Amino acid sequence: MATTPLPLRALLTVAALAALTVACTPRTPTEPTQDITAVDYVLDGDTIEVTGAAGSSQRVRLLGINTPEVPHDDEPGQCGGEAAAEQLRTLLPEGTTVQLVSDPKADDEDRYGRLLRYVELEDGTDAGAALIAAGYAYAWAPSSEPAPARTADYEAATATARDAGAGSWGTCPDLDQSR
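(A) Quick peek at the layout of surface pockets. Here the second largest pocket is characterised by a volume of approximately 170 Å³. Lining the second largest pocket, in full, are Asp35, Ile36, Thr37, Val50, Thr51, Gly52, Ala53, Gln58, Leu100, Leu115 and Arg117. Elements with a contribution of two residues or more to the lining of the second largest pocket: β1 (34-44), β2 (47-51) and β6 (115-121). When the residues that make up the lining of the second largest pocket are grouped by side-chain class, the tally is five nonpolar, four polar and two charged.

(B) The environment of Gly113, seen in detail. Looking at the element boundaries, Gly113 is found in the loop between β5 (97-101) and β6. Along the backbone, Gly113 and Gln58 are 55 residues apart, and their C-alpha atoms lie at a distance of 9.2 Å.

(C) Just the pairing of β5, in detail. For β1 and β5, the ladder comprises five bridges, and the chain directions are antiparallel. Paired with Thr37 across the bridge in β5 is Val98. Here four bridges tie β5 to β6, and the two strands are oriented antiparallel to one another. Each residue of the ladder has a partner; that of Val98, found in β6, is Leu121.

(D) Here's a closer look at the pairing of β6. A large share of β6 lies buried, amounting to seven of its seven residues. The two faces of β6 match: Leu115, Arg117, Val119 and Leu121 on one face and Leu116, Tyr118 and Glu120 on the other face are all buried. Pairing of strand β3 (residues 57-62) with β6, which is carried by three bridges, proceeds in the parallel orientation. Across the sheet, residue Val60 finds its bridge partner in β6, namely Leu115.

(E) Representation of the packing of helix α2 (residues 81-91) against helix α3 (residues 127-134) in the model. Two numbers describe how α2 lies on α3: the axes approach to 11 Å, and their chain directions differ by 130°. Considered as vectors, α2 and α3 are oriented oblique to each other. Crossing angle aside, the handedness with which α2 passes α3 is right-handed. Where α2 abuts α3, its residues Ala84, Gln87, Leu88 and Leu91 lie against Ala127, Ala130, Leu131 and Ala134. Classifying every residue of the contact of α2 with α3 by side-chain character gives seven nonpolar, one polar and no charged.

(F) Representation of α2 in the model. Every buried residue belonging to α2 is among Gly81, Ala84, Ala85 and Leu88, and all of these are buried. Taken around the axis of α2, the buried residues stretch over an arc of 100°, which confines them to a single face. Each element contacted by the buried residues of α2 is listed here: β1, β2, β3 and α3.

(G) Representation of the packing of aromatic side chains in the model. Under the defined criterion, the tally for this structure stands at one aromatic pair. Ring geometry for Tyr118 against Tyr154: centres 6.2 Å apart, planes inclined by 90°, an arrangement best described as edge-to-face. Of the two residues, Tyr118 sits in strand β6 while Tyr154 sits in helix α4 (residues 151-164), which places them 36 residues apart along the sequence. The exposure classification of Tyr118 matches that of Tyr154, with both residues buried. If you follow Arg150 out to its NZ or CZ, it ends over the ring of Tyr118, 3.9 Å from the centre. Cation over ring: Arg162 sits above Trp169, and NZ or CZ is 5.5 Å from the ring centre.

Parameters and conventions
Residues numbered from 1 in each chain as written. Predicted model: local features only at pLDDT ≥ 70, side-chain atom pairs only at ≥ 80, totals over all residues. Heavy atoms only, no water. 1 Å grid on protein atoms, 1.4 Å probe; cavity = no way out; pocket = protein on both sides within 12 Å on 5 of 7 lines; lining within 4 Å. Points joined across faces, edges and corners; volume = space filled by probe spheres on them. Helix = DSSP H or I, 4+ residues; strand = E, 2+ residues; numbered from the N terminus. Nonpolar A, V, L, I, M, F, W, Y, C, P; charged D, E, K, R; others polar. Pairing = 2+ DSSP bridges. Buried < 20%, exposed > 50% of the residue type's maximum accessible area, 1.4 Å probe, protein only. Axes fitted to C-alpha atoms, helices over the stretch in contact; angles between N-to-C directions. Parallel < 35°, antiparallel > 145°, perpendicular 65-115°, else oblique. Left-handed = near helix turned anticlockwise from the far one by under 90°. Contact = heavy atoms within 4.5 Å. Arc of directions from axis to C-beta. Phe/Tyr/Trp six-rings, centres within 6.5 Å; stacked < 30°, edge-to-face > 60°. Lys NZ or Arg CZ within 6 Å of the ring centre and 35° of its normal.

Okay, here's the thing in structure tokens:
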């Protein structure tokens, strides 16, 4: 049985340990990206279609929030779903210039291939926070750690809107139980 010479074995061991060290080192968060684009249309209360940098369409899921579902694929909508979509259409009419802001603590895309971004208007208004404050959305974050940067603020705004019975909270007490 042939054996590997000691210097080569030592070199391979060092290389393997170096690779393992790099693989196990936690990722250092990067700075958020900020892209300016235009809204093509609103799909539902937490998803929009925008024109990307190359002129192609891209779906964007508003990061940090959730809204009830609108009817689709022969599935009925949920209480507050249409109201949330209409509120977002009012906030982000077709052609509105928005800034898409990534969060280094969150995934870049969801399981459906939609970009996960905070959406801000030219005046700095955070569209997700505005929907929560108006009572048409609620804070949502994945169970993974760390939570996205705006989670605590969104959770506080959700509690305030719920306690005040704002927007759909007045007619849909289980608003935050949407699928």
